[in-house]
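One-letter residues, chain by chain:
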Amino acid sequence: MVEPSGRFLVLRRAAMLVGGGKWNLPGGHIEAGEHPLKAALREAEEEAGFDARGFPVVQKRNFRTAEGYPPYEAFVVEVPHFVPRLNWENTDYRWVTGAQMARLPLFPLVYGMVEAP
């Protein structure tokens, strides 16, 4: 999710999860038969408490990520600023620029998703 100002929502993964304490973008697994965009929107709502359906997809990217992970498909949806309602998977959030994101300790899947200006 990205605000009109260009800041992205990042979430800090709970300590009990793989990559605990690292920053991640909202997202997750695709359920059987689920379209990737629908899965991304569902996961974003589960993790951040915001229904982004109906907001514009401003970017779609397919890329390879860290070694050992499958190819990844990401959707960037432009949303108005909101205060996330985090679920148990995350302990904190920030709205950051690409450059700020590049300086955070990131979950491996995030590297390469957003280029710093």
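Residues numbered from 1 in each chain as written. Predicted model: local features only at pLDDT ≥ 70, side-chain atom pairs only at ≥ 80, totals over all residues. Heavy atoms only, no water.

**Remarks on the overall build of the protein chain**
Logical step 1: Broken down by element type, the protein chain carries 2 helices and 5 strands.
Logical step 2: Sequence-ordered secondary structure for the protein chain, helices as α and strands as β, is β-β-α-β-β-β-α.
Logical step 3: Contacts in the protein chain between residues far apart in sequence, at least 24 positions, make up 58% of those at least 6 positions apart.
Logical step 4: Carbon and sulfur atoms make up 54% of the accessible area of the protein chain, which amounts to about 6,700 Å² in all. (Helix = DSSP H or I, 4+ residues; strand = E, 2+ residues; numbered from the N terminus. Contact = heavy atoms within 4.5 Å. Areas by Shrake-Rupley, 256 points an atom, 1.4 Å probe, with all protein chains shown as cover.)

**What to know about the sheet that holds strand β2 (residues 23-24)**
Logical step 1: Judged by pairing direction, the sheet is antiparallel, and its 3 strands sit side by side in the order β2-β1-β5 without closing on themselves. At either margin of the open sheet sits one strand with a lone partner, and together these are β2 and β5 (90-96).
Logical step 2: As judged from the 6 bridges shared by strand β1 (residues 8-13) and β5, these two strands associate in the antiparallel manner. Paired with Leu11 across the two strands is Tyr93, which belongs to β5. (Pairing = 2+ DSSP bridges.)

**Brief notes about the environment of Ser5**
Logical step 1: Summarising the element assignment, Ser5 is placed in the segment before β1.
Logical step 2: In this structure, the C-alpha to C-alpha distance between Ser5 and Glu78, residues 73 residues apart in sequence, is 9.6 Å.

**Structural notes on the confidence of the model for the protein chain**
Where the model shows low pLDDT, its predicted coordinates should not be examined in detail.
Logical step 1: In this model, the protein chain carries a mean pLDDT of 88, and residues with pLDDT of at least 70 account for 86%.
Logical step 2: Of all the helices and strands in the protein chain, strand β3 (residues 57-63) carries the lowest mean pLDDT, 83, while β5 carries the highest, 97. (pLDDT = per-residue confidence, 0-100.)

**Points about the pattern of salt bridges**
Working definition: two side chains of opposite charge can pair if their charged atoms are close together.
Logical step 1: According to the stated counting rule, one finds 7 salt bridges in the structure shown.
Logical step 2: Across the pair Glu73 and Lys60 runs a salt bridge, and its minimum N-O distance is 3.0 Å. One end of the pair, Glu73, is in strand β4 (residues 72-77); the other, Lys60, is in strand β3, with 13 residues separating them in the sequence.
Logical step 3: Lys60 sits in the partly exposed class, given a relative accessible area of 48%.
Logical step 4: A single network of salt bridges, built from pairs that share partners, joins Glu31, Glu34, Arg42, Glu43 and Glu46. (Salt bridge = Lys/Arg side-chain N within 4 Å of Asp/Glu carboxyl O. Buried < 20%, exposed > 50% of the residue type's maximum accessible area, 1.4 Å probe, protein only.)

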